[in-house]
Amino acid sequence: MLDPALRGIRNQGNTVSSRKTRSLSVTLAAAACLLLSLNAGAGQGGVAVSSLSATSFTFSAEPVGTPGASQTLTLTNTGGAVLNIVTIAIVGPDFGQSNTCGNTVAAGASCAIDIVFDPIAFGTRTGSMTITSNATNSPQTVTLQGSGMGPAVSLSTTALNFASQLVTTTSAPQTVVLKSAGDEPLTVSTISVTGPFNVNDDCLSAEIAAGQACTLNIYFTPLAGGSATGTITINDNAFPTQQAIALSGTGADFAISLSPTSNTAAAGASANYSISVIPAGGFSGTIALGCGGLKSGISCTFAPGSVTVSGSTAATSALTVSTTAASQIPPGAIAKPFGGVAPRSSWFWALLLVGLVPAVFRKRKELKLASVAAVILLFGALAMPACGNSKSTSTGTTLGTYSLVVTGTTPAGSQNVQRTAAFTLVVN
């Protein structure tokens, strides 16, 4: 047990130590508050802060295609540091801007951003402007709005695609509706078309009142197989003054090829070719085959005589080209009108003439003249058999080179579509 005197001394020491600890804590707290205060003050003056005079603009109505008066947005740097501008960007094709801000704005300085409304279409138009910088409140956005006035065009579509159509034939029409979508009458001055397309319309007759419409009927008449494109161009008093409709389609067709393209045969023999009928552009149909350019003594046959194709798969046929050999007639015979041969009778007719001459001419002078005529006739008759002693040859295929064609024909409405392929036959 401690002596009362010692216990008093220890308690006094503890009291002094406690007071020193509390005093140090107060001093540390005061220093912390001072540092926070100083940091806060330094931060307020060491950053850039962007302040805008407005966050939205509404422009008065303007004729489409005509810019109106600009409105000004003021940007102020209310911070204590330089404001570095990264971008001033506008979203929306109807608005534009110019400014005096450059790349930097000093602390406490301002710059002007002029915004203009230039409507490209009728009706309410909207957009926005975004300012990006090193400011503590970046990015900042300003909303924009205005209205376009005047005549305007609205098309039900700006692109048409036609299904596969047989070449040289015309498709069913596809329709595009053209509407006067402005607040003033629309006047269409010209409508033109390019490519294998044509158009009928009721849009050129008179001006089209606001809210009214007209129609364009477009047709596709492909002239070749494969893809085809075109454009309908409409000129009017709207803005822009020209509108376009893109056109596309596929022409259905077929082609013919031979293998080989040249062949040789002796007179009286035949030559063989392989025929391929190849569809294009989704062609589907039956094609009748034939030959063109045939000469006397040459004929052709196909097996089969017609083929059916569909999609992209080729069809084949075998072509046989036949020639004719020359034939011989026996000597001393003549050809009858209806075939066969008959014996010559020159002697019979000569003797008959000699016998008849005296009977016809009874006077002496006339008899002498008749006898001379009879002798002449007799010698002529005797000479006739000699003309028949040589062999007579009937006409066969003439030797030489022949340029022929294979034809393929398919019906197309009231007409036909025909394709050809050339080939050569040499007869030797």
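Residues numbered from 1 in each chain as written. Predicted model: local features only at pLDDT ≥ 70, side-chain atom pairs only at ≥ 80, totals over all residues. Heavy atoms only, no water.

Asks: Explain the overall build of the chain to me, using residue names and the numbers behind them.
Replies: When you go through the chain residue by residue, the secondary structure sums to three helices and 30 strands. Put simply, the chain has 428 residues, and 30% of those count as buried. For the chain, restricting intrachain contacts to residue pairs at least 6 apart in sequence, the fraction spanning at least 24 positions comes to 65%. With an accessible surface of roughly 23,800 Å², the chain has 58% of that area assigned to carbon and sulfur atoms. (Helix = DSSP H or I, 4+ residues; strand = E, 2+ residues; numbered from the N terminus. Buried < 20%, exposed > 50% of the residue type's maximum accessible area, 1.4 Å probe, protein only. Contact = heavy atoms within 4.5 Å. Areas by Shrake-Rupley, 256 points an atom, 1.4 Å probe, with all protein chains shown as cover.)

Asks: Which residues make up the sheet that holds strand S13 (residues 174–180), and what values go with them?
Replies: The antiparallel open sheet is built from four strands, whose spatial order is S11-S13-S16-S15. Where the open sheet ends on each side, the last strands, each with one partner, are strand S11 (153–155) and strand S15 (197–201). Strand-to-strand twist in this sheet, taken as the mean axis angle between neighbours without regard to direction, amounts to 25°. (Pairing = 2+ DSSP bridges. Axes fitted to C-alpha atoms, helices over the stretch in contact; angles between N-to-C directions.)

Asks: Explain the environment of Ala89 to me, using residue names and the numbers behind them.
Replies: For Ala89, the position within the fold is in strand S5 (residues 83–91). A relative accessible area of 37% means that Ala89 is categorised as partly exposed. Separated by 40 residues in the primary sequence, Ala89 and Met129 have C-alpha atoms spaced 5.5 Å apart. Other than its neighbours up to four places away in sequence, Ala89 contacts Ser128, Met129 and Thr130.

Asks: An account of the nonpolar core is needed here, citing residue identities and associated values.
Replies: What tends to happen in soluble globular proteins is that the nonpolar side chains get buried as a cluster. Judged by nonpolar contacts, the single largest core of 30 residues is most densely connected at Leu319 and Leu425. Elements represented by at least two residues in this core include exactly strand S18 (242–259), strand S20 (270–280), strand S21 (284–292), strand S22 (298–303), strand S23 (306–310), strand S24 (315–323), strand S29 (400–412) and strand S30 (415–427). With five residues, the single largest contributor to this core is S30. Discounting residues that sit within four places of it in the chain, Leu319 has contacts with Leu258, Ala271, Asn272, Tyr273, Ile275, Cys291, Cys300, Thr301, Phe302, Val406 and Phe423. Counting 22 residues, the second largest nonpolar core, distinct from the first, contains Phe162, Ile191, Phe220 and Ile232. (Core = buried A, V, L, I, M, F, W, Y, C linked by side-chain atoms within 4.5 Å.)

Asks: Help me get a handle on the pattern of salt bridges, residues and values and all.
Replies: Counting across every chain of the model gives two salt bridges. Its salt-bridge partner being Arg125, residue Asp94 comes within 3.0 Å of it at the nearest N-O pair. Within this pair, whereas Asp94 is found in the loop between S5 and strand S6 (95–99), its partner Arg125 is found in strand S9 (residues 123–133), the two being separated by 31 residues in sequence. Asp94 sits in the buried class, given a relative accessible area of 2%. Residue Asp253 is joined to Arg419 by a salt bridge in which the shortest nitrogen-to-oxygen separation is 3.2 Å. A residue pair is termed long-range when its members are at least 10 positions apart, and Asp253 in strand S18 and Arg419 in strand S30 qualify at 166 residues. (Salt bridge = Lys/Arg side-chain N within 4 Å of Asp/Glu carboxyl O.)

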